[in-house]
Structure formats: C-alpha cells, structure tokens
Amino acid sequence: MVKRFHIEDLVAQDASGVVFRATDGETGAMVAVRRFFPFGTDGGGLSAGEAAEYEGVVARLLEIRHPGLRETVCGGCDPVDAMPYIVTEWVPGRTLADYIGNAPLAPEDAAGVLARAMEICEMVSASFDRDEVWIDTSPGSMVATEGDAGRGVTFWISPLKCLGKRPDGRGLEPLALLAEALTGWYGRKYGEQTAHGLAGWIFWLRGSQRTTTLREARQKLSEAMGAPPPATALPHPAHQPARSGKLSKKKKRSVLPTLIAGVAGLALVGAVGWFAIWRHSANLVKAATVAPLPAIEVVAAPGITPISRDLAEPEPARRASSFGEPKAEAPPETPKIAGESPEQRANRLAVEMSDQAREATAQADAKTNERKKEIASHAGVFGPGDRDLLLAQRGKAVILEGVLAEIGFSNTKATMYLQFSKSPAATEARGAIRVKSAPPELAQAKLAALIGRKIRLHGRVSAESFPGGRRPVIMISKGNAIHAE
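Residues numbered from 1 in each chain as written. Predicted model: local features only at pLDDT ≥ 70, side-chain atom pairs only at ≥ 80, totals over all residues. Heavy atoms only, no water.

Colleague: Just checking my understanding: could you explain the overall build of the chain for this structure?
Modeller: Counting its secondary structure elements, the chain contains twelve helices and 18 strands. Out of the 485 residues in the chain, the part that is buried amounts to 43%. If you take every contact in the chain between residues at least 6 apart in sequence, the share linking residues at least 24 apart comes to 63%. Total accessible area on the chain stands at roughly 25100 Å², and carbon and sulfur atoms take up 54% of it. (Helix = DSSP H or I, 4+ residues; strand = E, 2+ residues; numbered from the N terminus. Buried < 20%, exposed > 50% of the residue type's maximum accessible area, 1.4 Å probe, protein only. Contact = heavy atoms within 4.5 Å. Areas by Shrake-Rupley, 256 points an atom, 1.4 Å probe, with all protein chains shown as cover.)

Here it is as structure tokens:
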C-alpha cells in the first residue's frame, strides 16, 4: 500500500480510523485511503482469521457498483500491524455536514438522501445476505457533487459494518438519526399525532427499527412524502441565509394560516376566560394592580413540516439556533389605547387576531385555488417558461412542449439538454438525457434533426440544482418519450 499510494493530505481522524487523500501511483487518480481502528485507537489489528475474513469482504465490495457508492479500488490488512484499510475513489464536492452547518435541509431533500442511502444498503445487503445499514451515516462522510457532476450524494461503506464486527442491535435506527441530523430535528419529540411527512416516517421507524426491513422502510418513506423522493438530487437548505427575498408561495401557504389560526385561538380562549373572571370578580379586579398580558409563545406541534426555502428565492440572513434553525424575531408590541383596561385590551386583541386569521386563511385559500386552476388549465401540458408550476409538480408526469432551439451539454458532457431557447436562462425548463446510458435513438446526431421543430417531451418533473437556484427538467431515457410535429 505504501509503495502504490502517495499520501497527499490528512482528511479526517476519529476513534474509528483515519482518512487520507492520496494519489494512486498506478493510475494517477486521486483516491481516499481509509485505515480503520477495529478495536479503538489503543487496540491492535486483526487476527489471521479476521484478516482473511476482511479480505473476503473487500473482494465482494470490488464487485459492487452504484453511482451513490464510492467505488472500491483495493483493500487488505497492513502487513506490519494488521490494521485493515480500504482504498476508494476520491469524489470531490461538499460534505453534507458543510450544508447543514449553514442551515438544515428541506424535508423533501433529506428524504431524497435517505432514499438513496437505503437503496445502496439494500444492494449491499443482497451481496452479504444480511439486511443492514451498511453505509457510514455521519453527514461528514457524505459528499454532494454539485451541478453537472451527475453523482448526487455519495456514501462510504461503514468501517465497522464492513468488518462485520460489533453488531449494535439498533437495526435501522441510524437512518432515523441521520434524518434528524439533516433536518436539524435533534431533540424533537414525536407523538402518535405525527402521521405525515418525514416526521411521521421517523416516528414510525423508531417504533419499528429492530423489526422492519430496508425495503419496507424505503416504501414507507415514499408513501409518507407522497411520491418517490428525488434520491439523486443535490440537497438545498431549508433555511438559506442570503439576501432579502420571498418565500416559496406553495410552502408558505401550507403553514402560515395554521400558525395564525392557532395564535388567534389561544388569544380568544384567554380573552373569554379573563372576561369571565372580571365579570364575577369586578371589585377585586378594580382594587388590584393588574400585570401586563404575558406574551403568547407558539410552539410548532410535532409533525408540522418546517418551511422549505428555494435557493432561487433567498430570504434575509438570520442567526441560527443550536439546531441550525433560524430564531424567530419578536413580534412588534401591540399599541395600547388610552383608558383601555387589560380586559378590554384582551378582548380587542382576540377580535383583531381572529380577523387576521380569517383574512390570512381566505388569502391562502384563494392563492391555492388560483394555483390549482392554473395547473388544471394546462391539462398536463406546460411550456419552458412555466418554471414555478413545474417545480410545484415535482415527481408528476407532465408534457413539456416547445420549439427545440438547440442541444446543449453540461460542463462535464455527462448530460445533454434539449433546450427551447438559444442560450436559455438558467431557470428555464428543459429536457435532460444522461449521455452514458442513452439508447441510440437519443444520440445527438439524430436529435439534431428536430431543431426548429415543435416537440413534446413526456416524463416526470425533476428539479436540478445550479449555483443560485433550481430548474425543472424532464428526464428522457427512451426515444418514444419525444414526439415531434
């Protein structure tokens, strides 16, 4: 190992092992050399029998291929101290720990990471004939390749699971912990009322972690999110510190009316109770010095999905809490009216907040109905400029229609784009074809004949990240998905 790989840098080190960035002397490629401490930093290496078993594990890993799993180059045990090591390809990019260091991921993006993780674990489990969370679930070990790299989030096989040692008996619990790490939900309490979304899936998994299978967990996640999560999409923060901007309309209206209505309800109940006490104890109230009304603290109930921010629509930067979620700014103090008693003020606040709640609910319902009508009016057929409508239907089958203007490529030439404008805006919808897996009928030479003609692309909406935003793409894998007029 020393002769073949030239160490360039120390990347990470903890109680389980150390990771180096190195150059492969045989191929010249950059690789990651991982040296494990199977029995801790003070422990020794493997016995002769364990070393033979480990080499058998490495031999199996050499046969496993998945775009989300860093490919194994070689592995074995150090002849000097019998410490196991493994060499994998080096994948450039940012770790998920870097992403969530700024702000947590949106629940749908965290679900995408989890779906890919379980897909890889299912594949490795089939090879080793044991259902297990084989990957390293530390966000610092997961690398997200941005833009056109085409790999999405990539994982490492967990060192201890790779050795087949130290079964922890926790089953699929590491996946629940990973979900909480990605979303910043550490310490969150999940009750039986948590039935939907990612929070509902975590609640279910914690109760079934020792008995459920990876396949069942992945299916449950798909059902909880309402559609198969975009497992290969580059994640984006749920709370992106940036310049001032607007929240995504779709996600804003799903939470705001609920919060306002909840505040109004609390205020109304408090006002009625206060008024009743005042009526029956008027003399006592008049004689006493009444303290100001306490501020009402609104706590989101378990199962309410945090608001997801779109990278293309940033919001003002706010200081993050210990869990990475922005702290809400204190609401402005309601002005007092001269001569108004505390009881009258309470009643007035209750009425005002109820009116605000009704107005906000009516506005949100109107916008929801307007968006639904707008989507329905398209009858499933959209143009390249319908970015927001298409992103709102991610995972659904649609038709993208327009005159093909040119054929473009990603920077790495891994993806070919069917573009409806020459030098299109980054946010414009387009068709996308993975060059390596494209059949002959989707070759560039054949598709070039369609330039200038009106085409229809049939497929499901996916979201593609680019620096500063996201755009809808229709992934094309078969020639019959393109209809030309």
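Colleague: Sorry, what's going on with the pairing of strand β12 (residues 397-403) here?
Modeller: Along a regular strand, successive side chains alternate from one face of the sheet to the other. The buried fraction of β12 is high, at five of seven residues. When strand β11 (residues 381-382) meets β12, the two strands line up parallel, connected through two bridges. Looking across to β12, one finds that Phe382 is bridged to Leu400. (Pairing = 2+ DSSP bridges.)

Colleague: Sorry, what's going on with the packing of helix α3 (residues 107-128) against helix α5 (residues 173-183) here?
Modeller: For any two helices packed against each other, the geometry comes down to the angle between their axes and how far apart the axes lie. Their axes nearest at 9 Å, the elements α3 and α5 cross at an angle of 150 degrees. As the angle between them shows, α3 and α5 are arranged roughly antiparallel. Remark: the crossing between α3 and α5 carries right-handed chirality. Contact residues: α3 offers Pro107, Ala110, Val113, Leu114 and Met118, while α5 offers Leu175, Leu178, Ala179, Leu182 and Thr183. Partitioning the contact of α3 with α5 into residue classes produces nine nonpolar, one polar and no charged. (Axes fitted to C-alpha atoms, helices over the stretch in contact; angles between N-to-C directions. Parallel < 35°, antiparallel > 145°, perpendicular 65-115°, else oblique. Left-handed = near helix turned anticlockwise from the far one by under 90°. Nonpolar A, V, L, I, M, F, W, Y, C, P; charged D, E, K, R; others polar.)

Colleague: Help me out: how do you make sense of the sheet that holds strand β5 (residues 84-89) in this one?
Modeller: If you trace the five strands from one edge of the open sheet to the other, you get β1-β2-β3-β5-β4, paired in antiparallel fashion. A strand with exactly one partner marks an edge of an open sheet, and here the two such strands are β1 (5-14) and β4 (72-77). The mean inter-strand angle of the sheet, taken between neighbouring strand axes irrespective of direction, is 20 degrees. Contacts between helix α1 (residues 48-61) and the sheet are confined to β3 (30-36), β4 and β5, with β4 contributing the most and set at about 175 degrees to the helix.

Colleague: Would you mind going over the environment of Glu119 with me for this structure?
Modeller: Considering the arrangement of structural elements, one finds Glu119 in helix α3. Using a relative accessible area of 31% as the deciding quantity, one classes Glu119 as partly exposed. Sequence separation of Glu119 and His66 is 53 residues, and the distance between their C-alpha atoms is 9.5 Å. Apart from the residues within four sequence positions on either side, Glu119 is in contact with His66 and Arg218.

Colleague: Any chance you could explain the environment of Arg387 here in plain terms?
Modeller: Along the polypeptide, Arg387 turns up in helix α11 (residues 387-391). Of the residues examined, Arg387 reaches a relative accessible area of 11% and is grouped as buried. Separated by 83 residues in sequence, Arg387 and Arg470 place their C-alpha atoms 9.3 Å apart. Reaching out from Arg387, the side chain makes a polar contact with the side chain of Asp388 at a distance of 2.9 Å. (Polar contact = N/O pair within 3.5 Å; in protein donor to acceptor, adjacent residues only side chain to side chain.)

Colleague: Please explain helix α6 (residues 197-208) as it appears in this structure.
Modeller: Every α-helical turn comprises 3.6 residues, leaving residues that sit three or four positions apart pointing alike. For α6, built from twelve residues, the straight-helix expectation of 16 Å at 1.5 Å per residue is met to within 8% by its first-to-last C-alpha distance of 17 Å. Among all positions of α6, only Gly197, Leu198, Ala199, Gly200, Trp201, Ile202, Leu205 and Ser208 are buried. Looking at the buried side of α6, the elements it contacts are α3, α5 and α7 (214-225). (Expected span 1.5 Å × (residues − 1).)

Colleague: Whenever I open this one, the sheet that holds strand β7 (residues 143-144) confuses me. Can you help?
Modeller: Within a sheet, neighbouring strands are paired by backbone hydrogen bonds and run either parallel or antiparallel to one another. Strand order in this open sheet of three strands is β6-β7-β8, and the pairing throughout is antiparallel. Of all strands in the sheet, those with a lone pairing partner are β6 (94-95) and β8 (153-154), marking the two edges. Looking at chain direction, β6 and β7 are connected through two bridges and run antiparallel. Across the sheet, the residue bridging to Thr95 is Val143, located in β7.

Colleague: What is the right way to look at the pairing of β4 in this model?
Modeller: Bridge analysis of β4 against β5 gives five bridges, and the strand direction is antiparallel. Paired with Cys77 across the two strands is Pro84, which belongs to β5. Linking β4 to β5, which pair antiparallel, is a turn of six residues; within it Ala82 sits at a positive phi near 65 degrees.

Colleague: What should I look at first to understand the pattern of salt bridges in this one?
Modeller: Side chains bearing opposite charge may pair, as long as their charged atoms lie close to each other. Applying the stated rule across the entire model yields 15 salt bridges. In this structure, Glu71 engages Arg65 in a salt bridge whose closest nitrogen and oxygen atoms are separated by 3.3 Å. Glu71 gets classed as partly exposed once you look at its relative accessible area, which sits at 33%. (Salt bridge = Lys/Arg side-chain N within 4 Å of Asp/Glu carboxyl O.)

Colleague: When you look at the packing of aromatic side chains in this model, what are you seeing that I'm missing?
Modeller: Aromatic ring pairs are reported here in terms of the distance separating the ring centres and the angle at which the planes meet. Taken as a whole and assessed by the stated rule, the structure comprises one aromatic pair. The ring centre of Tyr417 lies 5.4 Å from the NZ or CZ of Arg430, which sits over that ring. (Phe/Tyr/Trp six-rings, centres within 6.5 Å; stacked < 30°, edge-to-face > 60°. Lys NZ or Arg CZ within 6 Å of the ring centre and 35° of its normal.)

Colleague: Any chance you could explain α5 here in plain terms?
Modeller: When you tally the buried positions in α5, you get ten out of eleven residues, the bulk of the element. Along α5, the residues classified as buried are Glu173, Pro174, Leu175, Ala176, Leu178, Ala179, Glu180, Ala181, Leu182 and Thr183. Each element contacted by the buried residues of α5 is listed here: α2 (96-102), α3, α6 and α7.

Colleague: Looking at this model, I keep getting lost on the environment of Glu485. Mind explaining?
Modeller: Mapped onto the elements of the fold, Glu485 is located in the segment after β18 (482-484). For the pair Glu485 and Val403, spaced 82 residues apart in the sequence, the C-alpha separation amounts to 9.7 Å.

Colleague: Where do I start with the side chain of Glu401 in this structure?
Modeller: With respect to the secondary-structure elements, Glu401 resides in strand β12. Setting aside residues no more than four positions away along its own chain, Glu401 makes contact with Val381, Phe382, Gly383, Pro384, Phe420, Lys454, Ile455 and Arg456.

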